[in-house]
Amino acid sequence: MSNVQSAPEVAQLPHVERAMADAAGQDAVVRIARAGILRALSRECYAVDQDALPAPETVKVNGNRVSLLFDTNAEVAAWATRHGNAADVRETHQVDPDGRRWCFTEARILWRGFDVSLGAAERTSVVAA
């Protein structure tokens, strides 16, 4: 038996499928930039030569700006730390109209020539009875 992980199939990478669908009808320069960022993103999330970073739930590319939305605040912090901007991670706490408490986390990094926004919204408490 081998401990070597095989490369993930495209079906295992929901962010790639969604981003490819979003690329329909865009010019070649935008599609090439999008493909480059998705390839780099996959390397970060499925790295074998270093600790892999958590995969984002959503990826949006708009020119040289990229938005990555994560499931947890810790995932945002992991990306910011890896890319040298841990000091810029900001958290905001809010209560919605139903009384649930939320923690919103955001950070920005410059990565491979792209201005990348990282974000997550995590519920920190349920509605009190």
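Definitions and limits used
- Residues numbered from 1 in each chain as written.
- Predicted model: local features only at pLDDT ≥ 70, side-chain atom pairs only at ≥ 80, totals over all residues.
- Heavy atoms only, no water.
- Helix = DSSP H or I, 4+ residues; strand = E, 2+ residues; numbered from the N terminus.
- Buried < 20%, exposed > 50% of the residue type's maximum accessible area, 1.4 Å probe, protein only.
- Contact = heavy atoms within 4.5 Å.
- Areas by Shrake-Rupley, 256 points an atom, 1.4 Å probe, with all protein chains shown as cover.
- Pairing = 2+ DSSP bridges.
- Axes fitted to C-alpha atoms, helices over the stretch in contact; angles between N-to-C directions.

To continue, consider the overall build of the protein. Secondary structure summary: the protein contains three helices and five strands in total. Going residue by residue from the N terminus, the α and β elements of the protein occur as α-α-β-β-α-β-β-β. By residue count, 29% of the 129 residues in the protein fall in the buried class. A fraction of 48% describes how many contacts in the protein between residues 6 or more apart in sequence connect residues 24 or more apart. Split by element, the accessible area of the protein, about 8,300 Å² in all, is 52% carbon and sulfur.

It is worth spelling out the sheet that holds strand β1 (residues 58–62) at this point. Overall, mixed pairing links the five strands, which are arranged β1-β2-β5-β4-β3 in an open sheet. Each having just a single partner strand, β1 and β3 (90–95) make up the two edges of the open sheet. Across the sheet, the mean angle from the axis of one strand to that of its neighbour is 20°, orientation sign disregarded. Here six bridges tie strand β2 (residues 65–70) to strand β5 (residues 114–123), and the two strands are oriented parallel to one another. Within β5, the position partnered with Leu69 by the bridge is Gly119. Across the sheet, helix α3 (residues 73–82) lies against β2, β4 (101–111) and β5, angled at about 20° from β4, the strand it touches most.

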